[in-house]
Amino acid sequence: SAVISQKPSRDICQRGTSLTIQCQVDSQVTMMFWYRQQPGQSLTLIATANQGSEATYESGFVIDKFPISRPNLTFSTLTVSNMSPEDSSIYLCSVDTRAAEAFFGQGTRLTVV
Amino acid sequence: AQKVTQAQTEISVVEKEDVTLDCVYETRDTTYYLFWYKQPPSGELVFLIRRNSFDEQNEISGRYSWNFQKSTSSFNFTITASQVVDSAVYFCALSEEYGNKLVFGAGTILRVKS
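Values in this document were obtained by computation on a predicted structure and should not be read as measured data.

Chemist: Just give me the short version of the pairing of strand E9 (residues 74-79) of chain B, but keep the residues and values in it.
Modeler: All names here are of chain B. A large share of E9 lies buried, amounting to 5 of its 6 residues. Where strand E3 (residues 19-21) meets E9, 3 bridges bridge the pair, whose relative direction is antiparallel. If you follow Thr-20 over to E9, its bridge partner there is Thr-78.

Chemist: Please set out the state of the cysteines residue by residue, giving values where relevant.
Modeler: Within this structure, the stated rule accounts for 2 disulfides over all chains. Covalent S-S linkage joins Cys-23 of chain A and Cys-93 of chain A, the inter-sulfur distance amounting to 1.8 Å. In this structure, the disulfide formed by Cys-23 of chain A and Cys-93 of chain A twists by about -65 degrees around the S-S bond and is classed as left-handed. Here Cys-23 of chain A, found in strand E3 (residues 19-25), pairs with Cys-93 of chain A, found in strand E9 (residues 89-96); they are 70 residues apart in sequence, far enough to count as distant. For the pair formed by Cys-23 of chain A and Cys-93 of chain A, the shared burial category is buried. Between Cys-23 of chain B and Cys-92 of chain B runs a disulfide, and the two sulfur atoms are separated by 1.9 Å. Judged by the sign of its S-S torsion, about -65 degrees, the bond between Cys-23 of chain B and Cys-92 of chain B is left-handed. Of this pair, Cys-23 of chain B sits in the loop between E3 and strand E4 (24-26) while Cys-92 of chain B sits in strand E10 (residues 88-95), and the two are 69 residues apart along the sequence. On the basis of relative accessibility, which here comes to 0%, the residue Cys-23 of chain B falls in the buried class. Take Cys-92 of chain B: its relative accessible area is 0%, and that puts it in the buried class.

Chemist: Provide a residue-level description of the interface of chain B and chain A, including the pertinent values.
Modeler: With 19 residues of chain B in contact, the opposing surface of chain A contributes 19 residues. Summing both sides of the interface, chain B and chain A together bury roughly 1600 Å²; the carbon and sulfur share of this comes to 55%. Put simply, chain B and chain A have 1 salt bridge between them. Summed over the shared surface of chain B and chain A, the result is 5 residue pairs in polar contact (both at pLDDT 80 or more). Broken down by secondary-structure element, the contributors of at least two residues to the side of chain B that touches chain A are strand E5 (33-39) and strand E6 (46-52) of chain B. The biggest single contributor to the side of chain B that touches chain A is E5 of chain B, with 3 residues. Classifying every residue of the side of chain B that touches chain A gives 10 nonpolar, 6 polar and 3 charged.

Chemist: With reference to specific residues and values, describe the sheet that holds strand E8 (residues 75-80) of chain A.
Modeler: Residues and elements named next belong to chain A. Strands sit in the order E1-E3-E8-E7 across an open sheet of 4 strands; the sheet is antiparallel. What marks the edges here is a single partner per strand, and that holds for strand E1 (4-7) and strand E7 (68-72). Geometrically, the sheet is characterised by an average inter-axis angle of 15 degrees between neighbouring strands, direction not taken into account. Bridging between E7 and E8 involves 3 bridges; their strand directions are antiparallel. When the sheet's bridge partners are listed, Ser-69 is paired in E8 with Thr-77.

About the criteria used
- Residues numbered from 1 in each chain as written.
- Chains lettered and ligands numbered in written order.
- Predicted model: local features only at pLDDT ≥ 70, side-chain atom pairs only at ≥ 80, totals over all residues.
- Heavy atoms only, no water.
- Buried < 20%, exposed > 50% of the residue type's maximum accessible area, 1.4 Å probe, protein only.
- Helix = DSSP H or I, 4+ residues; strand = E, 2+ residues; numbered from the N terminus.
- Pairing = 2+ DSSP bridges.
- Disulfide = S-S within 2.5 Å.
- Contact = heavy atoms within 4.5 Å.
- Buried area = accessible area lost by both parts, 1.4 Å probe.
- Salt bridge = Lys/Arg side-chain N within 4 Å of Asp/Glu carboxyl O.
- Polar contact = N/O pair within 3.5 Å; in protein donor to acceptor, adjacent residues only side chain to side chain.
- Nonpolar A, V, L, I, M, F, W, Y, C, P; charged D, E, K, R; others polar.
- Axes fitted to C-alpha atoms, helices over the stretch in contact; angles between N-to-C directions.

Given below as structure tokens:
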């Protein structure tokens, strides 16, 4: 089973600032996914990050707001830019090992004040 | 387009009762993958099961069981003899491509009272 380390686990940020969330996997994976979970809501995919190419964003999410890096097959970052209180959510990194399950990091609980 | 519906927003049961969480899905693909996840108050997502569309066998794991019925596009989850530790939000999810992104249902909050 893949082990995913995501950090920070939580943060409180001022509006207008940016936060970069890191996701490290202990094995090489082709695709990494970033999801957002707003308070009391389900998970929504933000984007798919493939190594060596631009991330693919879902409808309603744009690169300027959520820039993603994928420098190698074990690491990715998601930046939440110019934050507002509406960005307060849990952000989760996920991978698929092509074996069985879709694994998730422990999540980053972001509060914007 | 793919869609997952969990019509039960919240369920409350008393410990030792059995409880079934419903999941109905929509997809145009003949090959797809269904998942159940548990999200306790701590927030992490705990994988429970994956089922392939070509494998309609029901599965039992301890107190957990899953009933997959392609004819009704349902993938229901039953907890037998529920315990307080089962209290969490449970998500059903669908992937139309092996190894690809998931579409989640709205989730069902399960409260088990002692």
